[in-house]
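# Examination of the molecular architecture
Below are the chains, spelled out letter by letter.
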Amino acid sequence: MEDATVTLSVDDGIATVTLNQPESRNALSAELADALTAQFEAVMDSDARCVVLEGAGPAFCAGGDINAMLQGVKHDRPPATQVELVVSSLHEAIRTVHSCPLPVVAKIDGPAFGAGAGLALACDIQIASTAGQIGFGFRQVGLACDSGVSYFLPRIVGPNKAKDLLFTGELLDAAAAEELGLFTRVFDAETFESEFSALVADIAAGPTVALGHAKRLVNRSLDSSLEQALENEATAQGVAFTTADHEEGTTAFVEKRDPEFEGQ
């Protein structure tokens, strides 16, 4: 539907999930968060091999639902009720995005702020145009942080820099975000669409099973010892060795041609 809160389209193995509330700069209301969770679940019933998460309009996502927060203040809601209304749906969406077995690419062509920044970091890689921005300004509304920021941010920039960004609420431009590793690649605004499309097409054309295992290995390594990581790698390679894509990849290497992976 044209007016759906979050839309989903699948084309050539690429699922595009679009936060479709540009009038609110795609603020993460409970309704939008629930719709985002539902659309990511729907992706798994498609033939997608890669997921793009984007925001309609000039912002990727402007953060949490300020109106819902304000209603909590006006009606003096108990903290547990406010958490249930404001945070619970958002956190379920973060879990769903981060645990998606397919590569998930955040397409950032504008601000990703607060909870929106957390949503971007829940994706596997963050590709931005020079118009992209990211900030963790929870302090501006008198809040700590949510949406997985306390997990993702220090793992990327280190704990001290993470606290610096949370204490100041600084809004980073694309160049600064790339330098810190918050944006994995930045393309010029004029060529962003074509370069982004080429990158995502390359990911979608990859060996889907192997890439899924690579994603899980990296995610699990954050809380694993070296010995456990090596065991996990051996298990994953045992599965990858049995795939048609492994056979195609090794054959193509010997034949000195580009592999044509089928995702299985």
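Residues numbered from 1 in each chain as written. Predicted model: local features only at pLDDT ≥ 70, side-chain atom pairs only at ≥ 80, totals over all residues. Heavy atoms only, no water.

What follows is about unusual backbone geometry. A negative phi angle is the norm for most residues apart from glycine, just as the trans form is the norm for most peptide bonds. With a phi angle near 60°, Asn26 is a residue other than glycine that sits in the positive phi range. Classification of Asn26 as buried rests on a relative accessible area of 0%. Unusually for a residue other than glycine, Lys256 sits at a positive phi of about 60°. Of note, Lys256 is situated in the segment after α12 (244-254). (Buried < 20%, exposed > 50% of the residue type's maximum accessible area, 1.4 Å probe, protein only. Helix = DSSP H or I, 4+ residues; strand = E, 2+ residues; numbered from the N terminus.)

Quick look at the packing of aromatic side chains now. This structure, assessed with the given rule, holds two aromatic pairs. Centroid distance Tyr151 to Phe152: 5.3 Å. Interplanar angle 85°. Geometry classified as edge-to-face. With relative accessibility at 8%, the residue Phe152 sits in the buried group. (Phe/Tyr/Trp six-rings, centres within 6.5 Å; stacked < 30°, edge-to-face > 60°.)

Once that is clear, we can look at the nonpolar core. Among the nonpolar cores identified, the biggest contains 49 residues, and Leu36, Ile134, Phe136, Leu153 and Leu182 are the most heavily contacted of them. Here Leu153 is in contact with Leu121, Phe136, Gly158, Ala162, Leu165, Leu166 and Leu182, once residues within four sequence places are set aside. Grouped together as the second largest cluster of nonpolar side chains are 12 residues, Ile14, Val52, Ile127 and Leu199 included. (Core = buried A, V, L, I, M, F, W, Y, C linked by side-chain atoms within 4.5 Å. Contact = heavy atoms within 4.5 Å.)

The mixed open sheet is built from six strands, whose spatial order is β1-β2-β3-β4-β6-β9. For this open sheet the edge positions go to β1 (6-11) and β9 (185-187), each flanked by a neighbour on one side alone. Adjacent strand axes in the sheet meet at a mean angle of 20° when their direction is disregarded. In this structure, strand β6 (residues 125-129) lies alongside β9, joined through three bridges in parallel fashion. Its bridge partner lying in β9, Ile127 is registered against Arg185. (Pairing = 2+ DSSP bridges. Axes fitted to C-alpha atoms, helices over the stretch in contact; angles between N-to-C directions.)

Another aspect to go through is the sheet that holds strand β5 (residues 111-113). Within the open sheet, the three strands sit side by side as β5-β7-β8. Their pairing is mixed. Two strands bound the open sheet, and with one partner strand each, they are β5 and β8 (171-173). Averaged over all pairs of adjacent strands, the angle between their axes in this sheet comes to 20°, without regard to strand direction. Where β5 lies against strand β7 (residues 133-135), three bridges are found, and the strand directions are parallel. Its bridge partner being in β7, Ala112 is matched across the sheet by Ile134. Helix α5 (residues 115-122) rests against β5 and β7 of the sheet, and its axis sits at about 100° to β5.

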